[in-house]
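So you can see what is in the structure, the chains are spelled out below.
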Amino acid sequence: MSERPSRTRALRLGRTFAAVAVLCALPFYLDAFWLRIGLFSMAAAVGAVGLGLLSGTAGQLSLGHAFFLAVGAYGYVWLAGEPGPGLPTSVAAVLAVLLAGAAGGLFSPVAGRVRGVYLGVATLALVFLGHHVLLTADSVTGGFNGRSVPPLELGGFSFSSDSELTLLGVPFGAEERLWYLGLALFAVTWFTARGLLRGRPGRALVALRDSETAAAVMGVDVARHRAAAFVVSSMYAGLAGVLLALAFRRVVPDYFGLVLSIDYLAMIVIGGLGSVAGATAGAVFVTALPLLMTRYADQLPLVAAPGTDDGTVGPTEAARYLYGAAIVLILLFAPDGLHGLARRLRARLRRIRAAPPPSGATAPSPSPASAARAKEPTP
């Protein structure tokens with residue numbers, strides 16, 4: 001009985017190590033365009049996991065996720081840059097994540113007492129307020145033109161192209177170096193979020209989502225757990241904002257608008273609410289689709305190349321139409337998202353493999369030796 005679970009764990013570990021090895025080897029083979037797609041996808045996955053914890057697990061609707069990404073991105077730029085304190089970039093990155101968590105903590109009393117569409121409207125106000133502050137606080141944010149992002153340095157190693165670095169004959173620029181930073185941050189996000197979901201806090205949040213009354217009867221502090229979920233989600237968003245700023249190398253206010261918040265909602269709906277793997281899959285889909293359509297716009301029908309004005313649909317708008325249609329299809333045919341669809345497919349394949357042979361199939365006839373052994377001795 002114990003052999004089968006151990007074999008399953010070994011297979012799972014083998015698949016994990018194989019996936020990690022492939023991801024670590026990709027910078028040696030991919031060009032900068034594909035590495036940028038991977039970087040943006042990893043940053044989006046970190047933020048989507050945070051929103052998935054808040055909306056998918058705790059059942060709290062939030063339209064203000066872009067605000068906390070902006071706090072993380074601009075917090076890092078101001079803390080590490082000039083004008084600003086000019087702190088070491090590693091310290092500035094940690095403080096930017098904590099600053100996003102503090103912003104979520106200031107809003108947590110509202111999140112602890114309001115839910116549903118009312119919380120969504122309240123968080124929507126954060127996006128408009130934050131966008132106004134980003135445009136008017138020129139000394140901190142740089143105004144409409146934004147600010148350049150100081151490259152991150154860890155122990156004297158710079159995640160930029162300023163210094164030359166070659167590994168196995170492959171020149172490592174900013175994209176290659178940031179790839180491994182993004183992998184490390186995403187791994188931290190993956191394991192901490194899964195540990196949170198599998199522990200007592202995750203079970204308490206699921207109980208809150210299913211029934212507040214039942215959760216309160218079981219001893220769950222409703223307001224405190226709601227507020228804590230909002231703070232944790234804000235910190236994940238701040239971490240995603242820091243990684244996005246490093247990948248873009250310049251932050252501008254118009255990026256952190258309502259459209260970005262809607263994109264993150266699309267990520268967790270398409271991937272599957274309450275699932276870390278689903279949030280990751282949805283983030284990759286929503287992030288990579290417009291970039292790929294922009295790259296191959298001249299080869300796609302009914303899609304205009306960027307910069308042209310011939311009445312056709314641009315690649316960004318076409319990508320939004322496509323993942324909008326994907327949301328409709330997911331809600332109609334797979335309400336638990338891509339993760340639930342993949343889980344059902346795996347379960348179906350296991351049932352097919354474990355199914356007995358058809359009843360009409362004849363059993364193999366025994367060999368003569370076995371037939372002779374089955375006979376009883378004659379008296």
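Everything quoted here is computed from the prediction, not taken from an experiment.

**A look at helix H3 (residues 65-80)**
Thought 1: Compared with an ideal rise of 1.5 Å per residue, which puts 16 residues at 22 Å, H3 spans 23 Å between its outermost C-alpha atoms and is within 8% of the ideal.
Thought 2: The element H3 is extensively covered by neighbouring structure, given that 15 of its 16 residues are classed as buried.

**A closer look at the layout of surface pockets**
Space left empty within the atom packing is revealed by a probe, the size of a water molecule, rolled over the atoms.
Thought 1: Of the voids in this model, the largest pocket is the one considered here, and its volume is about 1,800 Å³.
Thought 2: In terms of lining residues, the largest pocket is bounded by 47 residues, among which Arg12, Arg15, Thr16, Trp190 and Arg194 are the most central.
Thought 3: When contributions to the lining of the largest pocket are tallied by element, the ones reaching two or more residues are helix H1 (3-25), helix H2 (32-57), helix H7 (174-198), helix H12 (276-295) and helix H14 (337-354).
Thought 4: The element that contributes the greatest number of residues to the lining of the largest pocket is H1, accounting for 13 residues.
Thought 5: The volume enclosed by the second largest pocket comes to roughly 580 Å³.
Thought 6: Elements with a minimum of two residues in the lining of the second largest pocket: H2, helix H10 (222-248), strand E6 (250-251), helix H11 (258-271), H12 and helix H13 (315-333).
Thought 7: Looking at side-chain class alone, the lining of the second largest pocket contains 18 nonpolar, four polar and four charged residues.

**So, the pattern of salt bridges**
Thought 1: Following the criterion strictly, the structure yields eight salt bridges and no others.
Thought 2: Of the charged contacts in the structure, one is a salt bridge between aspartate 263 and arginine 320, with a shortest N-O distance of 2.9 Å. Of the two residues, aspartate 263 sits in helix H11 while arginine 320 sits in helix H13, which places them 57 residues apart along the sequence.
Thought 3: Taking the shortest distance from any N to any O, the salt bridge between aspartate 336 and arginine 343 comes out at 3.6 Å.

**Quick look at empty space enclosed by the protein**
Thought 1: In total, this model carries two cavities of 30 Å³ or more according to the counting rule given.
Thought 2: Quantified by volume, the largest cavity comes out at close to 30 Å³.
Thought 3: Every residue along the wall of the largest cavity is listed here: Val49, Gly52, Leu53, Thr57, Leu197, Gly274, Ser275, Val276 and Ala279.
Thought 4: Of all elements in the fold, only H2 and H12 reach the threshold of two or more residues within the lining of the largest cavity.
Thought 5: At four residues, H2 tops the list of elements feeding residues into the lining of the largest cavity.
Thought 6: Lining the second largest cavity are Ala58, Gly59, Gln60, Arg115, Leu208, Arg209, Glu212 and Arg226.
Thought 7: For the lining of the second largest cavity, the residue count by class is two nonpolar, two polar and four charged.

**Overview of the packing of H12 against H13**
Thought 1: Interhelical geometry of H12 versus H13 gives an angle of 145° and a closest axis separation of 8 Å. The handedness of the crossing between H12 and H13 comes out as right-handed. Facing H12, whose interface residues are Phe285, Val286, Leu289, Pro290, Met293 and Thr294, H13 presents Pro315, Ala318, Ala319, Leu322, Tyr323 and Ala326.
Thought 2: Here the residues of the contact of H12 with H13 sort into eleven nonpolar, one polar and no charged.

**Structural notes on the side chain of serine 62**
Thought 1: Relative to the helices and strands, serine 62 resides in the loop between H2 and H3.
Thought 2: Since its relative accessible area comes to 2%, serine 62 is described here as buried.
Thought 3: In terms of polar contacts, serine 62 uses its side chain to reach the backbone amide nitrogen of glycine 64, at 3.4 Å.

**Some points on the confidence of the model for the chain**
Thought 1: Counting all residues, the mean pLDDT for the chain is 85, and 91% of those residues have values of 70 or more.
Thought 2: Mean pLDDT values for the elements of the chain range from 46 in helix H15 (residues 368-374) up to 95 in H3.
Thought 3: Low pLDDT, under 50, characterises residues 368-379; the stretch is placed with zero contacts to residues that sit more than four places away or in other chains.

**Some details on the packing of aromatic side chains**
Thought 1: Taken as a whole and assessed by the stated rule, the structure comprises twelve aromatic pairs.
Thought 2: Centroid distance phenylalanine 68 to phenylalanine 230: 5.6 Å. Interplanar angle 80°. Geometry classified as edge-to-face. Here phenylalanine 230 lies in helix H10 and phenylalanine 68 lies in helix H3, a separation of 162 residues in the sequence.
Thought 3: The class of phenylalanine 68 is buried, set by a relative accessible area of 2%.
Thought 4: You can call phenylalanine 230 buried: its relative accessible area is 1%.
Thought 5: Where phenylalanine 248 meets tyrosine 255, the ring centres are 5.1 Å apart and the plane angle is 65°; that geometry is what we call edge-to-face.

**Brief notes about the environment of tyrosine 323**
Thought 1: Within the secondary structure layout, tyrosine 323 lies in helix H13.
Thought 2: In sequence terms tyrosine 323 and serine 55 are 268 residues apart; their C-alpha atoms lie 19 Å from each other.
Thought 3: Those residues in contact with tyrosine 323 that sit more than four places away from it in its chain are Asp263, Ala266, Ile270, Phe285, Val286 and Leu289.

Basis of the calculations
- Residues numbered from 1 in each chain as written.
- Predicted model: local features only at pLDDT ≥ 70, side-chain atom pairs only at ≥ 80, totals over all residues.
- Heavy atoms only, no water.
- Helix = DSSP H or I, 4+ residues; strand = E, 2+ residues; numbered from the N terminus.
- Expected span 1.5 Å × (residues − 1).
- Buried < 20%, exposed > 50% of the residue type's maximum accessible area, 1.4 Å probe, protein only.
- 1 Å grid on protein atoms, 1.4 Å probe; cavity = no way out; pocket = protein on both sides within 12 Å on 5 of 7 lines; lining within 4 Å.
- Points joined across faces, edges and corners; volume = space filled by probe spheres on them.
- Nonpolar A, V, L, I, M, F, W, Y, C, P; charged D, E, K, R; others polar.
- Salt bridge = Lys/Arg side-chain N within 4 Å of Asp/Glu carboxyl O.
- Axes fitted to C-alpha atoms, helices over the stretch in contact; angles between N-to-C directions.
- Left-handed = near helix turned anticlockwise from the far one by under 90°.
- Contact = heavy atoms within 4.5 Å.
- Polar contact = N/O pair within 3.5 Å; in protein donor to acceptor, adjacent residues only side chain to side chain.
- pLDDT = per-residue confidence, 0-100.
- Phe/Tyr/Trp six-rings, centres within 6.5 Å; stacked < 30°, edge-to-face > 60°.

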